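The primary structure of each chain is shown beneath.
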Amino acid sequence: MKLQSDPHFGANAITGYGAGYVEINKIPYEHAVLLSSDGAISRWPVAAFEELNPSHFTQMIDLKPELILIGTGKRQQFPKPELLKDLINAKIGFEIMNSHAACRTYNILVGEGRKVMLALLVDAA
């Protein structure tokens, strides 16, 4: 599925999403990604929801996002609260949704000029 872009100049944007990939700034990625509205695109070192551990979330704190969107793959799944404890203690807001919804929401928030981060799991094709 291709998404219409309304680019916020200088910000990363999701330009497509489908089975086995996410397209950021028209470049496809076939692995989990960490994406900041105003920063680098990096590999998120987790292959499946079941592999998540606290370190996967604490690495985001130093970037000081206003909000973190967590895309959990094809379906919405909620991590155990102890995995998110460091985000809660750092007073960083987060929303958990399926990856498709997370991509759409990310683009909307970026379009509003918000400092948002996307932690996205990409399901296998």
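Note: the structure precedes this text.
Residues numbered from 1 in each chain as written. Predicted model: local features only at pLDDT ≥ 70, side-chain atom pairs only at ≥ 80, totals over all residues. Heavy atoms only, no water.

Visitor: Before we go on, may I ask you to explain the pairing of strand β6 (residues 67-71) in this structure?
Guide: Across a regular strand the side chains alternate sides, sitting on one face of the sheet and then on the other. Of all five residues making up β6, five are buried, and the element is well covered by its neighbours. Neither face of β6 is left uncovered, since the one carrying L67, L69 and G71 and the one carrying I68 and I70 both have all their residues buried. Inspection of the sheet shows β6 paired to strand β8 (residues 116-120) by five bridges, in the parallel sense. In the sheet register, L69 faces β8, and the bridge partner there is L118. (Buried < 20%, exposed > 50% of the residue type's maximum accessible area, 1.4 Å probe, protein only. Helix = DSSP H or I, 4+ residues; strand = E, 2+ residues; numbered from the N terminus. Pairing = 2+ DSSP bridges.)

Visitor: Got a minute to help me understand the packing of aromatic side chains in this structure?
Guide: What characterises a pair of aromatic rings is the spacing of the ring centres plus the angle enclosed by the ring planes. A complete count under the given rule lists one aromatic pair for this structure. Seen from their ring centres, W44 and F57 are 6.1 Å apart, and the 75° between their planes marks the pair as edge-to-face. Note that W44 is positioned in the loop between β5 (41-43) and α1 (54-58) and F57 in helix α1, a separation of 13 residues in sequence. (Phe/Tyr/Trp six-rings, centres within 6.5 Å; stacked < 30°, edge-to-face > 60°.)

Visitor: Hey, could you run me through the sheet that holds strand β1 (residues 14-18) in this one?
Guide: Within a beta sheet, neighbouring strands are joined by backbone hydrogen bonds and run either parallel or antiparallel to one another. Pairing is antiparallel in the open sheet, where three strands are placed in the order β1-β2-β3. Of all strands in the sheet, those bounded by a partner on one side alone are β1 and β3 (27-29). Direction aside, the axes of adjacent strands within the sheet are offset by 20° on average. Direction of pairing for strand β2 (residues 21-24) relative to β3: antiparallel, over a ladder of three bridges. When the sheet's bridge partners are listed, I24 is paired in β3 with I27. Across the face of the sheet, helix α3 (residues 99-111) comes into contact with β1 and β2 while running at roughly 170° to β1. (Axes fitted to C-alpha atoms, helices over the stretch in contact; angles between N-to-C directions. Contact = heavy atoms within 4.5 Å.)

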